[in-house]
Structure formats: C-alpha cells, structure tokens
Amino acid sequence: MTNHNRSRRAFLKTTGVAGIGLSILPSWADAANSAEGVSFIQQPLPYDYKALEPVIDTMTMEIHYSRHAATYAKNLMDACAAENVNPTSTRLEDVLRNISKYSPKMRNNCGGHYNHELFWQCMKPGVPSKPEGKLAAAIDQSFGSFEAFKTQFAEAGKNRFGSGWAWLVLNNDKKLMVGSSPNQDNPLMDISELKGTPLLGLDVWEHAYYLKYQNKRPDYITNWWNVVNWDFVQKRYELR
Ligand SMILES: [Fe+2]
C-alpha cells in the first residue's frame, strides 16, 4: 500500500465517511481553482510521505500529516459541535474571518487545519520551480526581484519567535505582502496583524522540521524552496 493510499485509509477511518465515494468529497484541487472552499475534513495528501525527500524526511511528513494535522482536524470538528458551527453549511474561511467571536480552541484548530491543508498543496515533488506569468511580474514589482522576495519571506520565517507561519499574502488592496503569524493564526483571521488571502504558507513549527534539521530552521527554509508548488500559488493568485 502506498503512503498515499494509507493516508486515504486513515482519513476514512478518522472521518467515518468510508461509505461516501471519494470522488464526491471536496478537494484542495477544487479549492485551488476557487476563491473559497476549504473542507472542514482533512483531505488525502496529494503525494506520498516520502515524496519530498530529501528536503522533508518521510518520518516528519508522516507524523506531521497523520498526527499533528489530523489532530487539528479532529479538534476542529469537536469545536464546531460545541459552538454550533455546521460544517456542511458554513464556510471555513468565514469562521476564520470572524474568529474573534469563537473560543481559543476554535482559533487554534480551525487555523491549524486550514494552514496545514494549504501547506500540503504549497509543496510538490520534482524539480524546483519558480513563479511565472502574472505572479512573477507582481513579485518583481512588489519586492524588486524573486531573490529579494525569497530573502524577505525567509526572514519572516526565521524571525517568527517560537511557533508559527511565514506567509505570502494578497491584501485587500491586491498588493502582495510577506509576513508571519504566531501559533496557528493566519492572515484570514480578524485578529491577525497581517491581513489578506494567503497564497503561500510555510510551517515553521518545530514539528515541521526538527527530526531532520533540529535547531537549524534557516536550513529548513533554504531547502524548502526546492519543493514549493508555484503552479498552485500562481492559480491562487490569478483567481483573485
Ligand atoms: Fe505543522
């Protein structure tokens, strides 16, 4: 059994939706092509646990996806039940935009689930790529060059004290911005200092890199550029 199939099986076991055809489940492939629509349910990883080696080791990917991220998804459903949020009729993004009205448990787990669902899609196996087309032009215009953008983004990740995320966002004025957020907060949240639509997110929690990189977060960030899925980021940018 491939890791991908294993993760699908774990997903079905966790969610109890084995009787539902996977083809009708919401997917990030769809979400990449629409402005809204991240499912409350953890989606299968789009690649095997080993697919991002050597940048991200197999054990880190497996623990990260099947334990850390799966727990956020489970706790999100618990928070929804406790706070009368119906996952079938509510947009997850709307919960995030109004997160100040919910509990800390909802903030941590709704953010944690969304951030990880985005993170898996922001990466892909294969040869390193670069942004192209309109996104490449916008990055050049906003940051001076792709290299200057990478430096600024990496600094945001390195300088985030403790746990959190580095982001490339499109703000409400349709400007690209780089920044970071603590814990599992994200730029969609009404309480976030950095506001906008996240286009690219980097998990800088130690659980994302410690087995391979230990205290060397900068090395993790440097290598991470080799697995960024710029096709996905570009689609998100061009649809907004
Ligand atoms: Fe994580």
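Up top you'll find the structure we're talking about.
Everything numeric in this text was worked out from a predicted model, so none of it was measured.

Definitions and limits used
- Residues numbered from 1 in each chain as written.
- Predicted model: local features only at pLDDT ≥ 70, side-chain atom pairs only at ≥ 80, totals over all residues.
- Heavy atoms only, no water.
- Phe/Tyr/Trp six-rings, centres within 6.5 Å; stacked < 30°, edge-to-face > 60°.
- Helix = DSSP H or I, 4+ residues; strand = E, 2+ residues; numbered from the N terminus.
- Buried < 20%, exposed > 50% of the residue type's maximum accessible area, 1.4 Å probe, protein only.
- Donors = N, O, S within 2.8 Å, 3.2 Å for Na, K, Ca; no water.
- Tetrahedral: all angles 85-135°; square planar, octahedral: opposite > 155°, others 65-115°.
- Contact = heavy atoms within 4.5 Å.
- Polar contact = N/O pair within 3.5 Å; in protein donor to acceptor, adjacent residues only side chain to side chain.
- Axes fitted to C-alpha atoms, helices over the stretch in contact; angles between N-to-C directions.
- Left-handed = near helix turned anticlockwise from the far one by under 90°.
- Nonpolar A, V, L, I, M, F, W, Y, C, P; charged D, E, K, R; others polar.
- Pairing = 2+ DSSP bridges.

1. Focus: the packing of aromatic side chains
The geometry of two aromatic rings is summed up by the distance between their centres and the angle between their planes. Scanning the model with the defined rule gives 17 aromatic pairs in all. Seen in terms of ring centroids, Phe-146 and Trp-230 are 5.6 Å apart; in terms of plane orientation they differ by 75°. Their pairing is edge-to-face. Of the two residues, Phe-146 sits in helix H7 (residues 146-159) while Trp-230 sits in helix H10 (residues 230-238), which places them 84 residues apart along the sequence. Trp-230 matches Phe-146 in its accessibility class, with the two residues each being buried. Ring centres of Tyr-213 and Tyr-220 lie 5.8 Å apart, and the angle between their planes is 55°; this geometry places the pair in the tilted category. Under the relative-accessibility criterion, Tyr-213 is labelled buried at 5%.

2. Some thoughts on the coordination of the iron ion
Between any two of four tetrahedral donors, the ideal angle at the metal is 109.5 degrees; between two of six octahedral donors, it is 90 or 180 degrees. In the first shell of the iron ion, the protein supplies His-64 (NE2), His-116 (NE2), Asp-203 (OD) and His-207 (NE2), at 1.9 to 2.1 Å from the metal. Between the four donor atoms coordinating the iron ion, the angles at the centre fall across 91 to 133°, so the site counts as tetrahedral. The class for His-64 is buried, based on a relative accessible area of 1%.

3. So, the environment of Gln-184
Among the structural elements, Gln-184 can be located in the loop between strand E2 (176-182) and strand E3 (197-203). Judged by relative accessible area, Gln-184 falls into the buried class, the value being 2%. When sequence neighbours within four positions are dropped, the list of residues in contact with Gln-184 reads Tyr-72, Arg-107, Asn-108, Gly-111, Gly-112, Asn-115, His-116, Trp-165, Met-189 and Trp-205. Reaching out from Gln-184, the side chain makes a polar contact with the side chain of Tyr-72 at a distance of 3.0 Å. Within the structure, Gln-184 has its side chain in polar contact with the side chain of Trp-165 (distance 2.8 Å).

4. Some details on the packing of H7 against helix H9 (residues 217-224)
Contact geometry for H7 and H9: axes closest at 10 Å, N-to-C directions at 145°. As for how H7 packs across H9, the hand of that crossing is right-handed. Here Phe-153, Ala-154, Gly-157 and Lys-158 of H7 lie close against H9, whose contacting residues are Arg-217, Pro-218, Ile-221 and Trp-224. Residues that form the contact of H7 with H9 fall into these classes: five nonpolar, one polar and two charged.

5. A look at the sheet that holds E3
Spatially, the three strands line up as an open sheet ordered E2-E1-E3, and their pairing is antiparallel. Looking along the sheet, the strands with just one partner apiece sit at the ends: E2 and E3. Pairs of neighbouring strands in the sheet enclose a mean axial angle of 25°, with direction left out of account. Two strands pair when backbone bridges link them, and strand E1 (residues 164-170) and E2 are joined in this way by seven bridges, in the antiparallel orientation. Bridging across to E2, Ala-166 finds its partner in Ser-180. Contacts from H10 reach E1, E2 and E3, with the element oriented near 155° to E3.

Remember, this is a structural readout, not a statement about activity or role.
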